[in-house]
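Now for the letters of each chain:
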Amino acid sequence: AKIENIRNFSIIAHIDHGKSTLADRILEITGMVSDREKKDQYLDKMELEQERGITIKAQTVRIPYKAADGKEYILNLIDTPGHVDFSYEVSRSLAASEGALLVVDSTQGVEAQTLANVFLALDHDLEIVPVLNKVDLPSTDCERVAQEIEEVIGLDCSDPLMISAKTGLNVEAVIESIVTDLPPPEGDPDAPLKALIFDSWYDSYQGVVVLFRILDGTIKKGDKIQIFSSKREFDVTTLGVYTPEPQKTAMLAAGEVGFLCASMKELNDAPVGDTITLAVDPVKDPFPGFKEVKPMVFCGLYPVEPAEYEPLKGALEKLQLNDTAFSYEPETSTALGFGFRCGFLGLLHMEIIQERLEREFQAKLIATAPSVVYQAKLNNGEVLEIDNPSKMPEAGDLEALAEPYCRLEIHVPNDYVGAVLKLCEEKRGIQQDMRYLTSSRVIITYEVPFAEIMYDFFDKLKSQTKGYASLDYEVIDYRESNLVKLDILINTDPVDAFSAIVHKESAYPFGRSLALKLKRAIPRQMFEIVIQAAIGRKIIAKERVAPFRKNVTAKCYGGDISRKRKLLEKQKEGKKRMKKMGNVEIPQEAFMAVLKAG
Ligand code: GTP
């Protein structure tokens, strides 16, 4: 394809504003998707994504299009993930594009997450075309939303595209504007190869599949490529484009987008954000902005049955093949036995992986409460990364503890500002900024300990603003904090899986609340169970679970065998998610009580 006839574009939208629907409609109008396929949201590959309605893995489609000017164009739609946990991937997808459609729900308005991505796009000098969606709905208010886009982002929105991705209204005009309003790529097909990896995944047949955008140079099947950061070399065995089905090609040149396979065994062979060049004539400077993605949130995953340890290990191995942001290593808990410490980008990422494990691998799991990574500075000058509260050094060895802080940007209508400020203050937030975007919408910026927003902040924010607030966060640095380790003792035995690191000021209420939550979560047993919360040697809270008075099955009127069996089966079912600690049975819910105690 001639470079001036290529358009590489992304779609930026808040969750539910209609990105996938618009992408589907574009594919349909350009004849890329058959009627049978129309029903499926084509770009959302995985079943789980569809269920949750979010796009996790970016996927790209090459769309040949004959425009109104009579010329043939190649439109490369570069899909981007839509959640706060995945903002690095979004930034790489944007870096591969020259322009973006900004899809805003015309019944709602500009949301914080959208804004963060718009500013990312502007940082990459992308041309942005605003698109007002859902004009078929009675509550559409294009005038207000267009004004908001002008005021908030500073984009010209005097003559916006007003569309319904659902009915298809004006979607044709959107495609035309991709051609007329977005610039073609620039690049030299004869320069040394420089291509940006903006997505990669593991395929059990082909090994690693790499999606890339060529900035300069040309790539051919059979070329020996070099990955810039590792200097490792691979032979290109397959080169192609998605239409959306994979279609092989012999060559791709500057400005183009495509995929390649090169007998790579693991995702780390081709990390997102890295640069591909040719081994014979490598570029001097890589594409800027490469960074390794690192897990930020950790939890323990333990099989309910010890026999499930090996299968679980296999499942984790498989999962990691396709997700460099996910990590795992074996760990042993005195309470839970053999399991794994697993790392995730954020809570959503964690939930997705746990669900996938349970569904695809049928593994029954006990998950411990998630924790951020703390830095412990020891008296001897050493600094340890603590991803598990139970691994905290003895108080005597500790000089200081630091925790990750994030910058939090919240968008909220005027009426809820008070509620948001109160919530952020409760979470030890430090206010940085508060700006009125319009007379009715406010952006509030806070710096907050990551641990404080990790648990129930999202839910609280939503419920206290009737769902109107939206947020974006980014971990910025580590700061020393007055933190203590809180332990839980069950019948005087410490249970490592219940340990938590909490701020000293909230340690007492947290300990009391946690002990009470555990009391409610742990079922009665044949003997009394004493639950204690402790900081060091000091017991700060105590609860008791009274023993059974009588046999449960005694309720079953003796003779009714089937009822009795049913009850026993029910108990067995309930037991599946129980873990025996000493002689106390503890259900899965109890481990999550830590989350709700704050
Ligand atoms: P994520 O994939 O979660 O990022 O969401 P998305 O932005 O891709 O939104 P999606 O396309 O899944 O649309 C969200 C909901 O809005 C769906 O129920 C769509 O059917 C609906 N929707 C999208 N476009 C329109 C529209 O133009 N009009 C109406 N009435 N509904 C729409």
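As the structure is a prediction and not an experimental result, all values here were calculated from the model. (Residues numbered from 1 in each chain as written. Predicted model: local features only at pLDDT ≥ 70, side-chain atom pairs only at ≥ 80, totals over all residues. Heavy atoms only, no water.)

### What to know about the overall build of the chain
Scanning the chain for helices and strands turns up 15 helices and 34 strands. Look at the contacts in the chain between residues 6 or more apart in sequence, and 69% of them connect residues 24 or more apart. Total accessible area on the chain is roughly 27100 Å²; 49% of this is exposed by carbon and sulfur atoms. (Helix = DSSP H or I, 4+ residues; strand = E, 2+ residues; numbered from the N terminus. Contact = heavy atoms within 4.5 Å. Areas by Shrake-Rupley, 256 points an atom, 1.4 Å probe, with all protein chains shown as cover.)

### A few points about the packing of aromatic side chains
If you walk through the whole model with that rule in mind, you get nine aromatic pairs. Look at Phe326 and Phe344: their rings are 5.6 Å apart centre to centre, the planes differ by 35°, and that puts the pair in the tilted class. With Phe326 in the loop between helix H8 (309-321) and strand E18 (327-333) and Phe344 in strand E19 (residues 337-344), this residue pair connects regions lying 18 residues apart in the sequence. Ring geometry for Phe458 and Tyr473: centres 6.3 Å apart, planes at 75°, overall edge-to-face. Taken together, the residues span a long stretch of sequence, with Phe458 in helix H12 (residues 457-464) and Tyr473 in strand E27 (residues 470-480) at a distance of 15 residues. Residue Phe458 is classed as partly exposed on the basis of its relative accessible area of 25%. (Phe/Tyr/Trp six-rings, centres within 6.5 Å; stacked < 30°, edge-to-face > 60°. Buried < 20%, exposed > 50% of the residue type's maximum accessible area, 1.4 Å probe, protein only.)

### A few points about the packing of helix H1 (residues 19-29) against helix H7 (residues 171-181)
The contact between H1 and H7 brings their axes to 10 Å, and the two run at 85°. Here H1 is positioned roughly perpendicular relative to H7, judged by the angle of their axes. The residues of H7 that touch H1, namely those facing Leu22, Arg25, Ile26 and Ile29, are Val171, Glu172 and Ile175. Class assignment for the residues of the contact of H1 with H7 results in five nonpolar, no polar and two charged. (Axes fitted to C-alpha atoms, helices over the stretch in contact; angles between N-to-C directions. Parallel < 35°, antiparallel > 145°, perpendicular 65-115°, else oblique. Nonpolar A, V, L, I, M, F, W, Y, C, P; charged D, E, K, R; others polar.)

### Quick look at the sheet that holds strand E5 (residues 127-133)
Each strand in a sheet pairs with its neighbour through backbone hydrogen bonds, running either in the same direction (parallel) or in the opposite one (antiparallel). Taking strand neighbours across the sheet as the criterion, the six strands line up as E2-E3-E1-E4-E5-E6 in an open arrangement whose pairing is mixed. Each end of this open sheet is capped by a strand with a single partner; those strands are strand E2 (60-66) and strand E6 (161-162). Across five bridges, the pairing between strand E1 (residues 6-13) and strand E3 (residues 72-78) is parallel. What sits directly across from Arg7, in E3, is Leu75. Contacts between H1 and the sheet are confined to E1, E2, E3 and strand E4 (99-105), with E1 contributing the most and set at about 150° to the helix. (Pairing = 2+ DSSP bridges.)

### Section: the pairing of strand E16 (residues 275-278)
Side-chain alternation along E16 places Thr275 and Thr277 on one buried face and Ile276 and Leu278 on a second face that is also buried. In this structure, strand E7 (residues 194-203) lies alongside E16, joined through two bridges in antiparallel fashion. Looking at E16, one finds that Ala195 is bridged to Ile276. Here strand E10 (residues 224-227) runs beside E16; their pairing, made up of three bridges, is antiparallel. Across the sheet, Ile227 pairs through a bridge with Ile276, a residue of E16.

### So, the packing of H8 against helix H9 (residues 347-360)
Interaxial distance between H8 and H9 falls to 11 Å at its minimum, and their mutual angle equals 130°. By the angle between their axes, H8 is oblique relative to H9. Between H8 and H9 the crossing geometry is right-handed. Within the contact between the two elements, H8 uses Leu312, Ala315, Leu316 and Leu319 and H9 uses Ile353, Arg356 and Leu357. Taken together, the residues of the contact of H8 with H9 break down into six nonpolar, no polar and one charged. (Left-handed = near helix turned anticlockwise from the far one by under 90°.)

### Quick look at a negative patch on the surface
Negative charge collects at one region of the surface, where Glu150, Glu151, Asp156 and Asp159 lie side by side. Here Asp159 is to be found in the loop between helix H6 (142-153) and E6. (Patch = residues over 30% accessible without salt bridge, like charges linked within 9 Å, V, L, I, M, F, W, Y side chains within 5 Å. Salt bridge = Lys/Arg side-chain N within 4 Å of Asp/Glu carboxyl O. Lys, Arg positive; Asp, Glu negative; His and termini not counted. Charge placed at Lys NZ, Arg CZ, Asp CG, Glu CD.)

### Some words on the pattern of salt bridges
Summed over all chains, the structure comprises 20 salt bridges. In this structure, a network of salt bridges that share partners links the residues Glu331, Arg341, Asp387 and Lys391.

### A short note on the side chain of Asp487
Residue placement: Asp487 occurs in strand E28 (residues 483-490). By relative accessible area, Asp487 is classed as buried at 16%. A polar contact of 3.3 Å, which involves the side chain of Asp487, links it to the side chain of Lys485. Only 2.8 Å separates the side chain of Asp487 from the side chain of Ser499, close enough to count as a polar contact. Beyond its immediate sequence surroundings of up to four residues, Asp487 is in contact with Ser499, Gln532, Ala533 and Ala534. (Polar contact = N/O pair within 3.5 Å; in protein donor to acceptor, adjacent residues only side chain to side chain.)

### Quick word on the pairing of E18
In this structure, E18 lies alongside E19, joined through seven bridges in antiparallel fashion. In the sheet register, Ser327 faces E19, and the bridge partner there is Gly343. In sequence, E18 turns back onto E19 through a hairpin of three residues.

### Looking at the sheet that holds strand E15 (residues 257-261)
An order of E11-E10-E16-E7-E8-E15-E12-E13 is seen for the eight strands of this open sheet, with the pairing classed as antiparallel. Strands with a single pairing partner mark the edges of an open sheet, and in this sheet they are strand E11 (233-235) and strand E13 (246-248). Taking the axes of each pair of neighbouring strands and ignoring which way they run, one obtains an average angle of 40° across the sheet.

### A few points about H8
An α-helix turns once per 3.6 residues; consequently, residues spaced three or four apart project the same way. Under the 1.5 Å per step criterion, the end-to-end length of H8 is 19 Å for 13 residues, consistent within 8% with the ideal 18 Å. Within the sequence span of H8, burial applies to Tyr309, Leu312, Ala315, Leu316 and Leu319. Buried residues in H8, looked at end-on, bunch into an arc of 120°, giving them a common side. Along H8, the residues that are exposed and aim more than 90 degrees away from the buried face are Glu310, Pro311 and Lys318. As for H8, its buried residues are in contact with strand E17 (297-303), E18, E19, H9 and strand E20 (365-367). (Expected span 1.5 Å × (residues − 1). Arc of directions from axis to C-beta.)

### Thoughts on the side chain of Glu256
As for its position among the elements, Glu256 is in the loop between strand E14 (251-253) and E15. For Glu256, a relative accessible area of 6% gives the class buried. Here Arg62 takes part through its side chain, which lies 3.2 Å from a polar atom of the side chain of Glu256.

### Regarding the UniProt feature "binding site: GTP" (unreviewed entry) in the chain
As recorded in UniProt, the feature "binding site: GTP" (unreviewed entry) lies at Asp16, His17, Gly18, Lys19, Ser20, Thr21, Asn133, Lys134, Val135 and Asp136. Residue position: Asp16 is located in the loop between E1 and H1. Taking the relative accessible area as the measure of exposure, Asp16 reaches 60% and is therefore exposed. Other than its neighbours up to four places away in sequence, Asp16 contacts Asp105 and Lys134. Relative to the assigned elements, Asn133 resides in strand E5. Since its relative accessible area comes to 3%, Asn133 is described here as buried. Once residues within four sequence positions are removed from consideration, Asn133 is found in contact with His17, Gly18, Val103, Val104, Asp105, Ser106, Ile163, Ser164 and Ala165. (UniProt positions renumbered as here; feature names shortened; annotations may be inferred.)

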